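Geometric and topological summary
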Amino acid sequence: MMKVRQEMSRLLIESMVRTISKSFPLEQARREAMWISKELPQSQWINASKKRSQLVPLQYILGTQPFGKLDLMCKPGVLIPRLDTEEWVLESASLLQHVQIDRIIDYCTGSGCIGLGYASELVKVGRIDMIDYKNDAIKLSTDNSIRNEVDLNIPVSIKEGNLLQGFLPMDPVIADPARNNILVSNPPYIPEGDLHGPEVEPSVSKYEPADALLGDLEFYEALCDKIINPFPSFKGFIFELGYFSQAKLVSELLNRNEWTIGIRNDSSGNLRNVIGWRKHSEFKVLEGMINKCL
């Protein structure tokens, strides 16, 4: 009986590979078929492979995505956490281990991957506020905080707010210039004309939420002019981006007599972040991430 079940599983996996390989290279199809067989009940394998052949992102099919120590739920309508994002969150967390931080503000939190990633890696932080304007993101990030509660070292607070309207949870920690806060964000940064270009995978443009992808300078302008500049309690920032023009705008909007600003490339050599800290602040440790100062 065991041999019969094993043979049935083998035949089903071969069928999945054939289906997935209609849209993806054979080796990738094999890997993904194995992931599906490990993560989903056998009764869902064939339907899952059909969805994948239609370019539905694997994370939406499996329902989860690892991120550092965390296992994050993924649902349509909310951006899937990226390895590129995981990379800079873990890199910056290793540099910030010994910095006493009063508040981390994670804007455009989506699944909660950035804020929860820091909550699982850092200890010397008073609280992390995770903000998004979208109900789907608020619910998913809340569910992810509950799902991963045992791995979180820091209190998290999830709030609804619109970056372009300048929402900020006002309390003494934000208002007090002497505090040591950092702003992190992965805002929408793909201009509309590039969404269907060669740099964006068809599965992303077809299935992931456009409102989490489409954006440009307006979001970086809001991060600087509505949050950092009015509140001196923010002593550091890390923003994900995709274009040098976005980094350049940030460097132009902040007072260069007060700020040191640079860019970071990811492990593939692609521009990924603009990073800054107020001169003489403890966030100078982020200098270890910088490839080039602006």
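The protein chain is annotated in an unreviewed UniProt entry as peptide chain release factor N(5)-glutamine methyltransferase from Pichia kudriavzevii.

Side note on the domain arrangement of the protein chain
Domain parsing of the protein chain yields domain 1 (1-54) and domain 2 (83-293). The gap between the C-alpha centroids of domain 1 and domain 2 is 37 Å.

Here we look at the nonpolar core
Membership of the largest hydrophobic core comes to 36 residues, with the highest contact counts inside it found for Leu183, Phe237 and Phe239. Put simply, the parts of the chain that give this core at least two residues each are β3 (101-107), α11 (217-228), β7 (234-240), α12 (244-253), β8 (259-265) and β9 (271-278). Among the elements that line this core, the one with the most residues is α11, at 7 residues. Ignoring sequence-local partners within four residues, the contact set of Phe237 consists of Ile182, Leu183, Ile228, Val250, Leu254, Trp259, Ile261, Val274, Ile275, Gly276 and Leu286. Among the nonpolar cores identified, the runner-up in size contains 30 residues, and Met130, Ile154, Phe283 and Leu286 belong to it.

Thoughts on the packing of aromatic side chains
Scanning all chains against the criterion turns up 3 aromatic pairs. Centroid distance Tyr220 to Phe239: 6.4 Å. Interplanar angle 55°. Geometry classified as tilted. Taken together, the residues span a long stretch of sequence, with Tyr220 in helix α11 and Phe239 in strand β7 at a distance of 19 residues. Residue classification places Tyr220 among the buried residues on the basis of a relative accessible area of 0%. Plain terms: the ring middles of Phe237 and Trp259 are 5.4 Å apart, the flat faces sit at 50° to each other, and that makes the pair tilted. Residue Phe237 is found in strand β7, and its partner Trp259 is found in strand β8; the two are separated by 22 residues along the sequence. Note on Trp259: relative accessible area 2%, which makes it buried. Grouping aromatic residues by their ring pairs yields a cluster made of Tyr220, Phe237, Phe239 and Trp259.

Considerations on helix α5 (residues 83-96)
For α5, spanning 14 residues, the distance from its first C-alpha to its last is 20 Å, which sits close to the expected 20 Å at 1.5 Å a residue. Looking at α5, one finds that the buried residues are Thr85, Glu86, Trp88, Val89, Ser92, Ala93 and Leu96.

As for the pairing of strand β5 (residues 156-160)
Here 5 bridges tie strand β4 (residues 125-132) to β5, and the two strands are oriented parallel to one another. Looking across to β5, one finds that Met130 is bridged to Ile158. Handedness of the β4-helix α7 (residues 135-147)-β5 crossover: right-handed.

A look at the packing of α5 against helix α6 (residues 113-121)
Closest axis-to-axis distance for the α5/α6 pair is 10 Å, and the angle between their directions is 35°. For the element pair α5 and α6, the recorded crossing hand is right-handed. Listed contacts from α6 to Thr85, Trp88, Val89, Leu90, Ser92, Ala93 and Leu96 of α5 are Cys113, Ile114, Gly117, Tyr118 and Glu121. Grouping the constituent residues of the contact of α5 with α6 by class yields 8 nonpolar, 3 polar and 1 charged.

Thresholds applied
Numbering of residues starts from 1 in each chain and follows the order in which that chain's sequence is written. Totals for whole chains, interfaces and linings use every residue, but because this is a predicted model, local features are given only for residues with pLDDT of at least 70 and side-chain atom pairs only at 80 or more, for both listing and counting. Hydrogens and water molecules were not included; the side-chain quantities draw on all heavy atoms of the structure. These domain limits were set by an automatic method or by a database of domain assignments. The criterion is simple. A nonpolar core is a set of buried Ala, Val, Leu, Ile, Met, Phe, Trp, Tyr and Cys residues joined through side-chain atoms within 4.5 Å. For every residue, the accessible area (1.4 Å probe, protein chains only) is compared with the maximum for its type, and the residue is labelled buried under 20%, exposed over 50%, or partly exposed between those bounds. Numbering of helices and strands runs from the N terminus; a helix is a DSSP stretch of H or I covering at least four residues, while a strand is a stretch of E covering at least two. By definition, residues are in contact when any of their heavy atoms lie within 4.5 Å. Each aromatic pair joins two rings of Phe, Tyr and Trp (for Trp, the six-membered one) with centres within 6.5 Å, and gets the label stacked for planes under 30 degrees apart, edge-to-face for over 60, and tilted for any other angle. Helix span, as expected, comes to 1.5 Å for every residue beyond the first. Any two strands with at least two DSSP-identified bridges between them are counted as paired. Place the viewer so that the strands point away; then a crossover is right-handed whenever the path from the first strand over the helix to the second strand goes clockwise. To get an axis, a line is fitted to the C-alpha atoms, and for a helix only the part in contact is used. The angle between two axes follows their N-to-C directions and goes from 0 to 180 degrees. Take the far helix as the reference: if the near one is turned anticlockwise from it by less than a right angle, the crossing is left-handed, and if turned clockwise, right-handed. All residues other than Ala, Val, Leu, Ile, Met, Phe, Trp, Tyr, Cys, Pro, Asp, Glu, Lys and Arg, Gly among them, are scored as polar; the first ten of these are nonpolar and the last four charged.

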